[in-house]
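One-letter residues, chain by chain:
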Amino acid sequence: MRFIGISSLGFALLVFCLVLLGVNEYESSFTVERWLNDNEGRVYLVDDLMNEHEMIGMTKDEVFTLLGPPTETEYFKEEDNIVYYLGAERGIIRIDSEWLVIWFDGSDKAMKYELRTD
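As a starting point, this report considers the structure included with it. Everything numeric in this text was worked out from a predicted model, so none of it was measured.

Remarks on a nonpolar patch on the surface
And then number 1: Residues Ile-92, Ile-93 and Ile-95 make up a contiguous nonpolar surface patch of roughly 420 Å² in combined accessible area.
And then number 2: The class for Ile-95 is exposed, based on a relative accessible area of 68%.

Some points on the pairing of strand 2 (residues 97-104)
And then number 1: Of all 8 residues making up strand 2, 8 are buried, and the element is well covered by its neighbours.
And then number 2: Both faces of strand 2 are covered, namely the face carrying Ser-97, Trp-99, Val-101 and Trp-103 and the face carrying Glu-98, Leu-100, Ile-102 and Phe-104.
And then number 3: Across 7 bridges, the pairing between strand 1 (residues 81-88) and strand 2 is antiparallel. Note that in strand 2 the partner of Tyr-84 across the bridge is Leu-100.

The rules behind the values
Residues numbered from 1 in each chain as written. Predicted model: local features only at pLDDT ≥ 70, side-chain atom pairs only at ≥ 80, totals over all residues. Heavy atoms only, no water. Patch = residues over 30% accessible without salt bridge, like charges linked within 9 Å, V, L, I, M, F, W, Y side chains within 5 Å. Areas by Shrake-Rupley, 256 points an atom, 1.4 Å probe, with all protein chains shown as cover. Salt bridge = Lys/Arg side-chain N within 4 Å of Asp/Glu carboxyl O. Buried < 20%, exposed > 50% of the residue type's maximum accessible area, 1.4 Å probe, protein only. Helix = DSSP H or I, 4+ residues; strand = E, 2+ residues; numbered from the N terminus. Pairing = 2+ DSSP bridges.

Rendered as structure tokens:
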């Protein structure tokens, strides 16, 4: 009888973990709609964005089509880059914010991007 109780508990935990993994996978999948409508949730979408979309070589207009207008901020701002706010940094202690910074060359093509924390 005890074995059945322990087995049932173990099976329930396994199902719970699988559901949680599925929800996390869904929540972290990049879509333009999610990106544009959830500024604070971008931090969970950015990894999928970088894995699924080759931004190097994109024109500024192509980046704007994919990500919308950049965040109006002075953080990390330079003459040849644009900056997107991603949300509170990932981790247990969420003190800082994460940002996506994209640099462009003289012909307005993306040449580099980085995730930064303020």
